[in-house]
Number of protein chains: 2
Amino acid sequence: MTEADFLAALRTLPLHPGALDLRDDAARLGELVLTTDLIVESVHFLPDDSPGDVAWKLVAANLSDLAAKGAVPEGVLLGYPLRDDKWDAAFLDGLRDVLTTFGCALLGGDTVSGGRSYALTAIGRATVSPTRSGAQAGDTLWVTGTIGDAGAGLAIARGADGPAALLARYRRPTPRLAEGQALAPHVTAMMDVSDGLLIDAERLAAASGCAVTIALDALPLSPKYRAWGGDALASATAGDDYELLFTLPSGMEPPVAATRIGSMSEGAGLTLTRDGAPVPLPPTLGWQHR
Amino acid sequence: MTEADFLAALRTLPLHPGALDLRDDAARLGELVLTTDLIVESVHFLPDDSPGDVAWKLVAANLSDLAAKGAVPEGVLLGYPLRDDKWDAAFLDGLRDVLTTFGCALLGGDTVSGGRSYALTAIGRATVSPTRSGAQAGDTLWVTGTIGDAGAGLAIARGADGPAALLARYRRPTPRLAEGQALAPHVTAMMDVSDGLLIDAERLAAASGCAVTIALDALPLSPKYRAWGGDALASATAGDDYELLFTLPSGMEPPVAATRIGSMSEGAGLTLTRDGAPVPLPPTLGWQHR
């Protein structure tokens, strides 16, 4: 089954009201926000990625989902397959780094033997917690930070030439926790960009029952990414940015640094423009599990 | 690293107070109880186990940890690697069965491609929630149900002759949720028997700072297990029972059906007896990840 088919089938099971019909990246239980990610060797990380970076990414990817809910991290539960002493020790060092950096505590977990996948459940607390589905026709679309850097970093990790700063964006992403908390009371919809800007924007629009238009020439690209030779379309279909994508009522400015990249309208689907004129969609909008 | 070494290292990381110093099977967040398990093909289930049974065991093993905390299940978060349509559909059927059977709802999760391990985080609610560490010298030691059936079932799954009822105890274990909720206000310590009665009793004793004595001739063995040829020592070192092991103040009777199998005393360590006389410990007390 594709991920979409599997999700549709899951929706026929007994669902908790806090599951938000499985149309969001996180669940709610009172003031708690819960999210879980499973990362697999050769799919979510490269076999020769350092163990510390794997730990970092596992935690950062989950905290990024909390960021999109405006939540303060409360704790994480780790599922860890034991390997050799050296790998385990390096993973623990990375885990310490990422937990300390983002002020997050370990709540529990499970260690197993065998397997090469790592599971994490993160729990946060939020009083106001946006969903993907609240965008309205007329809203403006924004993204924090710069996009495409992590996609370039992945190419560099696979052997391309390029600067360490781009590699670091792939290996040690930063969840936008403070930005998410500041944005939560103001946005109409919010999610993190993990699979690619275009596919994630299309998902936000679909969940909200709107169409979305994105201006390729408005996308925030870093000087390092441009110097590396990255273009806007590639940045918009690469994943692992962990920036926040959000919508605001027309005329409202965000309380944190962000770039306006498009708008929501009546209808459905994704339109791309360059210099105000529509351009064809690329064959792949981002990463999809199948 | 061994599981014990890894846990010791994890204890040097930033820990949440609700982590209970990682000495328990579940964490606490207010009235919520959280537990997570990662199960791996060829370690926790056999490659030819049916997908529905894998789903069942994944949920049941987690709910059993909630049972030991006297918690009412609130919901689960699933980490699922997609396979082929037939496997996925059968897994979903098993998931529906187990969620419906135990009145538990899906809260969220993550689907990935690749990998053969399954993660689940279960969340329950409890106002009184026992730990492993409250047993006192003088307490009596009890276990619900019968033990050893699942160990026999694993041997049958691997090709030995034997009745379907024992196989079912291995393939579709029952978490003792109602028993756990009834016991929680009365016990001094409680945990579920997942790795083996002896190893789990030794862990409970160690967490409580007591010694424990178990009478092999008192162990509750099912007629089917005895007829199959199972003995008490084998039952006490096999895992996957998912019965509740608990301690009560001397003289107190439990509010649910259970068997008194031993007692706690000053000191440390595990002593086994048969007909009142000490017998040597077996080389392995149960399942340990290394």
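Residues numbered from 1 in each chain as written. Chains lettered and ligands numbered in written order. Predicted model: local features only at pLDDT ≥ 70, side-chain atom pairs only at ≥ 80, totals over all residues. Heavy atoms only, no water.

Chain A appears in an unreviewed UniProt entry as Thiamine-monophosphate kinase from Sphingomonas donggukensis. UniProt's Pathway (unreviewed entry) comment on chain A is quoted here verbatim: "Cofactor biosynthesis; thiamine diphosphate biosynthesis; thiamine diphosphate from thiamine phosphate: step 1/1." Chain A has a UniProt comment under Function (unreviewed entry) that states "Catalyzes the ATP-dependent phosphorylation of thiamine-monophosphate (TMP) to form thiamine-pyrophosphate (TPP), the active form of vitamin B1." (UniProt positions renumbered as here; feature names shortened; annotations may be inferred.)

## Observations concerning the relation of the copies chain A and chain B
Both copies of the chain are related by a screw-like operation: a rotation about an axis and a shift along it. Placing chain A over chain B gives an RMSD of 0.0 Å and needs a rotation angle of 180°, together with 0.0 Å of translation along the axis. Taken together, the rotation angle and the small translation identify this as a two-fold axis. Take the interface residues of chain A: 100% of them recur as interface residues in chain B, which is what a same-surface contact looks like. (Least-squares fit on C-alpha atoms with pLDDT ≥ 70 in both. Contact = heavy atoms within 4.5 Å.)

## Structural notes on the packing of aromatic side chains
Going through the model one piece at a time under the given rule, you end up with 20 aromatic pairs over all chains. Aromatic pair A:Tyr80 and A:Phe91: ring centres 4.5 Å apart, planes at 45°, arrangement tilted. Taken together, the residues span a long stretch of sequence, with A:Tyr80 in strand β3 (residues 72-82) and A:Phe91 in helix α3 (residues 85-101) at a distance of 11 residues. Under the relative-accessibility criterion, A:Phe91 is labelled buried at 0%. Ring centres of B:Trp142 and B:Phe246 lie 6.5 Å apart, and the angle between their planes is 5°; on these two criteria the pair is classed as stacked. Of this pair, B:Trp142 sits in strand β6 (residues 140-143) while B:Phe246 sits in strand β9 (residues 243-248); the two residues are 104 residues apart in sequence, bridging distant segments of the chain. For the residue pair B:Trp142 and B:Phe246, the accessibility class agrees, reading buried in each case. One cation-aromatic arrangement involves A:Lys57 over A:Tyr170; the distance from NZ or CZ to the ring centre is 3.4 Å. Lying over the aromatic face of A:Trp87, A:Arg83 brings its terminal NZ or CZ to 4.0 Å of the ring centre. (Phe/Tyr/Trp six-rings, centres within 6.5 Å; stacked < 30°, edge-to-face > 60°. Helix = DSSP H or I, 4+ residues; strand = E, 2+ residues; numbered from the N terminus. Buried < 20%, exposed > 50% of the residue type's maximum accessible area, 1.4 Å probe, protein only. Lys NZ or Arg CZ within 6 Å of the ring centre and 35° of its normal.)

## Details of the UniProt feature "binding site: Mg(2+) 1" (unreviewed entry) in chain A
Look at the UniProt record and you will see "binding site: Mg(2+) 1" (unreviewed entry) annotated at A:Thr36, A:Asp37 and A:Asp110. The named residues occupy 75 residues along the chain; their greatest pairwise C-alpha distance, 14.5 Å, places them in one compact cluster. By relative accessible area, A:Thr36 is classed as buried at 6%. Once residues within four sequence positions are removed from consideration, A:Thr36 is found in contact with A:Asn62, A:Leu120, A:Thr121, B:Leu77, B:Leu78, B:Gly109, B:Asp110 and B:Thr121. Only 3.1 Å separates the side chain of A:Thr36 from the backbone oxygen of A:Leu120, close enough to count as a polar contact. When you line up the elements, A:Asp37 lands in strand β2 (residues 32-40). (Polar contact = N/O pair within 3.5 Å; in protein donor to acceptor, adjacent residues only side chain to side chain.)

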